[in-house]
Amino acid sequence: VQTILIADDEDHLRLLVRMTLESDGYRLLEASDGREALELARKERPALLIIDWMMPEMTGLQTLEALRGDPDTTAVPVIMLTAKSQKADRNQALRLGIRGYLVKPFSPLELMQLVETVLAGPHS
Amino acid sequence: MTAEGGGGSSLGSKQDLHAQLLRYAADLQTSVCRERDTHKQLSAIVEQLEMYTVDLRRAVAAERRRSDQLAEAHLDTILRLARASTFRDNETQAHASRLGLYSGVLAEALQMPERERQVLVTVAPMHDIGKIGVPDAILHKAGPLTPEEWSVMRRHPAIGASLLRGSSSDLIETARLVSLTHHEAWDGSGYPQGLRENETPICGRIVKFVDVYDALRSKRPYKPALSHEDTCQILLKGDGRTLPSEFDPRILDVFGDVQERFDEIYRQNRDE
C-alpha cells in the first residue's frame, strides 16, 4: 500500500482528500501545517506529498524548499493543492520541481487521476 | 456607573469609560473579522462540495454508459449464440425468430411481467441449442430414427441446460430453463423429466406450445406444411400424435384470443 501525506491547515479539506484517496486504496497521513508535514515526511517517507500553499508555521513553499534541501526527502513527488490560481504562483511552484498543481476548489476526479499518474511515473 | 474603588474623579471615570468603549470596539472588530473569515471558509467548503457533486454526477454518468455498453455486448453475445444454435439444425433463423415472437404474444396474453416477457422473446430462439451435442448422423438422418437414436436425440434439452448452467444472467438462466423443459408436457408425457403441470416453468410451457405450432405450420421431410386453421384444430382438439392434454390449459385458453397474431407472425417471417 502506498502512503500519501496531505498537508493542509483546513480540517474539512484534509478529510475530503483522505476520503477520496483512501477509497482508491492508498494509506493517508495528515499534517495541519508545514512543520508537521516536514517531520512526517522525514519519518514516514510517503510515496507522495499533497501540500497546501498558505499554512501557518511554514508555508507550502518553505516546506518544499526544506524537503528539497534534505537528501532523505529530496526525491518525494509533490502535488500542490492551493487556492492560489495565478499563473505566476503556479510557475513559482513548478520551478521547485513539483509534479502537479491543482487549484481549489479542486475536481476530485482530476486529483485521483493526477495521483495515479504521479505514482505510476518515474520517481525522480 | 462609577469606576472601581468608588472615589475617582469624574474626569478619571470618563477616561475609564472611554478606554472601556475602545476595548469594546476592538473586540467587536475582532469578532466581525472572525465572522468574515468563517464566512469565507464556509463558502470555500461549499465550493469544494459543489465540485464533488459535479464529479459524482460525471462519474455516475460514465459508469452508466459503461454498464449500458456491457449489457448491450452481453445481449449481442446471447443473440449470436441463439443464431449459432440454428446453424447445425435444419431449423432456420426465421423459425428461431418466430418462436421468440409467438412466445412474446402468449406471455403478453398471460399478463407476465414486462421484463420476463422481454427475456422470453430473446431466449426462446435458443431452445434447441443442445442439439449441437447431438451427432450429425442422428440430427440429419433422412429416415425415421431407431429407439436408440431417439434416446440420443432426447438428450438435447439436458445438453443445452448444462451448457447454460451457472450463469448470474437472468437471460441465460431463463434460456437454461427453456432448453431443459421445452419438451415437457402438461400431462406428464414429455421428457426429459416427465414433469407435470406447473412443475414445468411457464417459459417452458410456452415454448413447448409455440414450438409445436411452428412445427405443424412448417413443411418437413415427412409432412407437408399445414394451414393456420388446420394447425389450430390439431392444437385445440388433437389428432393421432398431438393431444391438447400436453399443453397448459391456460395457454390453450388465451391462444384462442390471440391465434390470428400467430398466423401473422408466421406469414411475415417465412423461411427463405
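Everything here concerns the structure above.
The rules behind the values
Residues numbered from 1 in each chain as written. Chains lettered and ligands numbered in written order. Predicted model: local features only at pLDDT ≥ 70, side-chain atom pairs only at ≥ 80, totals over all residues. Heavy atoms only, no water. Helix = DSSP H or I, 4+ residues; strand = E, 2+ residues; numbered from the N terminus. Contact = heavy atoms within 4.5 Å. Pairing = 2+ DSSP bridges. Axes fitted to C-alpha atoms, helices over the stretch in contact; angles between N-to-C directions. Core = buried A, V, L, I, M, F, W, Y, C linked by side-chain atoms within 4.5 Å. Buried < 20%, exposed > 50% of the residue type's maximum accessible area, 1.4 Å probe, protein only.

Student: How would you sum up the environment of L164 of chain B? Please name residues and give values.
Tutor: All names here are of chain B. Relative to the helices and strands, L164 resides in the loop between α6 (156–163) and α7 (170–181). Considered as a pair, L164 and I129 are 35 residues apart in the sequence and their alpha carbons are 9.5 Å apart. Filtering out sequence-adjacent residues up to four positions away, L164 remains in contact with L81, I129, I172, A175 and R176.

Student: Outline the sheet that holds strand β1 (residues 3–7) of chain A, listing residues and values.
Tutor: Residues and elements named next belong to chain A. Pairing within the open sheet is parallel, and its five strands lie in the order β2-β1-β3-β4-β5. Strands with a single pairing partner mark the edges of an open sheet, and in this sheet they are β2 (27–31) and β5 (100–103). On average, each strand axis in the sheet is tilted by 20° relative to the strand beside it, whichever way the strands run. Across five bridges, β1 lies against β2 in parallel orientation. Within β2, the position partnered with A7 by the bridge is A31. Strands in contact with helix α3 (residues 60–69) are β3 (48–51) and β4 (78–82); relative to β4, the strand with the most contacts, it is inclined by about 170°.

Student: Report on the nonpolar core, specifying residues and quantitative values.
Tutor: By size, the foremost hydrophobic cluster in this structure holds 40 residues, and its most contacted members are L106, I206, F209 and F262 of chain B. Sorting the residues of this core by element identifies α1 (10–87), α2 (93–109), α3 (114–123), α7, α8 (202–217), α9 (228–237) and α10 (249–268) of chain B as the ones contributing at least two each. Sequence-distant contacts of L106 of chain B, that is, excluding residues within four places in its chain, are made with I206, F209, V210, I251, V254, F255, V258 and F262 of chain B. Counting residues in each nonpolar core, the second largest holds 22 residues, with A7, L40, L49 and I98 of chain A among its members.

Student: Could you give an account of unusual backbone geometry, with specific residues and numbers?
Tutor: Following K104 of chain A, the chain continues to P105 of chain A via a peptide bond in cis, the omega torsion being -5°. Secondary-structure assignment places P105 of chain A in the loop between β5 and α5 (108–120). With an omega of 5°, the peptide bond running from Y191 of chain B to P192 of chain B counts as cis. Along the chain, P192 of chain B falls in the loop between α7 and α8. Although it is not a glycine, R45 of chain A adopts a positive phi angle of roughly 45°. Of the residues examined, R45 of chain A reaches a relative accessible area of 48% and is grouped as partly exposed. Even without a glycine there, the phi angle at E57 of chain A is positive, about 65°. Of note, E57 of chain A is situated in the loop between β3 and α3.

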